[in-house]
Amino acid sequence: MIGRPGITLRTRNISIATNAFKSNDKKSSKEAHKVRKIEDEPHKSNSFKRNSIKYLKVAISIGGYALIFSISILIALQTFFDKQLNNNNNNNNNNNNNNNNNNNNNNNTIYIDNNLENDNTFKIMYITTVIIIGCGIGLSLIEASSRKIEYNFYESEKKREAWEYDNYVEGEQREMVELYSLKGMEENDAKQVVELLSKYKDLFVDIMMTEELNLLPVELLLSPIHTAISTFFSFIIFGMAPLLPFYFCTYYYYQIYQIAITRNLLLSILIFVVEILLFSIGSFKSKYYTGDWLIEGFISSITGIVSIIVSFFLGEAMYNMLS
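Here is a short report on the structure shown in this document.

Each value, and the rule that gives it
Residues numbered from 1 in each chain as written. Predicted model: local features only at pLDDT ≥ 70, side-chain atom pairs only at ≥ 80, totals over all residues. Heavy atoms only, no water. Phe/Tyr/Trp six-rings, centres within 6.5 Å; stacked < 30°, edge-to-face > 60°. Buried < 20%, exposed > 50% of the residue type's maximum accessible area, 1.4 Å probe, protein only. Helix = DSSP H or I, 4+ residues; strand = E, 2+ residues; numbered from the N terminus. Contact = heavy atoms within 4.5 Å.

Here the focus is the packing of aromatic side chains. The geometry of two aromatic rings is summed up by the distance between their centres and the angle between their planes. A full pass over the atoms with the stated rule returns seven aromatic pairs. Note on phenylalanine 80 and phenylalanine 81: the rings are 5.3 Å apart at their centroids and 75° apart in plane angle, and the pair reads as edge-to-face. The class of phenylalanine 80 is partly exposed, set by a relative accessible area of 34%. What makes phenylalanine 81 buried here is its relative accessible area of 6%. With centroids separated by 5.2 Å and ring planes inclined at 80°, the aromatic side chains of phenylalanine 312 and phenylalanine 313 adopt a geometry described as edge-to-face. Exposure remark for phenylalanine 312: the relative accessible area of 34% places this residue in the partly exposed category. Classification of phenylalanine 313 as exposed rests on a relative accessible area of 55%. Cluster of aromatic residues (ring-pair linked, three or more members): Phe80, Phe81 and Tyr319.

Looking now at the side chain of serine 140. The topology assignment puts serine 140 in helix H6 (residues 120-182). Here serine 140 falls in the buried class, since its relative accessible area comes to 6%. Apart from the residues lying within four places of it in its own chain, the contact partners of serine 140 are Ala228, Thr231 and Phe232.

Structure below.
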């Protein structure tokens, strides 16, 4: 049986075959089809299953969502507090012209008061941290629940297909012949193929799950508990990454240099960190999916830029409308 360990068969080395196709190298294409043991075949799906790359893939995908979510919150909060600060400065200018110069300086400088409750930087860090952690917990539970549902649905459908095979295999054979005929196979050829495959129950049931129901084996999916763990830690790590400039500036002001950092510099550092991380995520995805690493990284970075622009202008518009 093909699925037994140690069996040898002529199968492709996907990485070599892909490179051969891109470069139109026929010699490399032949090299990719040399006989090898199936457990040594570096097919992406096998590597995905054996080496737990599936956990890393989910973590990276969730990390991208977390970055976009976090940067949107930060830009919106930053816009809100900047607008609020400008309004307060304008009011102070109208009431006291002697404080005009000091109020103008407040527009571009982060002031970290001894009372942290009145410090905008602290408020931004506090609000964003609470939201990220809360959403991370909620999202991990939702993802785990969804994965459990997928597992249960797959198993129930597989039991149903196996029951139908045991009780009326002729009906299943007829359905598969129709499916293969719709894909361009001659009816007589389809009947021969289905008749041969249906001799092997487990193989035929798996084929019906894929061809008839479009359901992939659950072995290729994360378990619910690992889904929750990967989702939570990925969302927290990537979601908190944009906060590093805020923590950094606060620490430096209080503990080391006692300096104030301009808001423009802080936002520049924030955007730089997010864009680097998004580019890295996009590039890393191309290692396990198709696409050029540079193009995928660039596309991922663009999503961050769009989110920043939308969050900024939406924050401006909402503040003006509600104030």
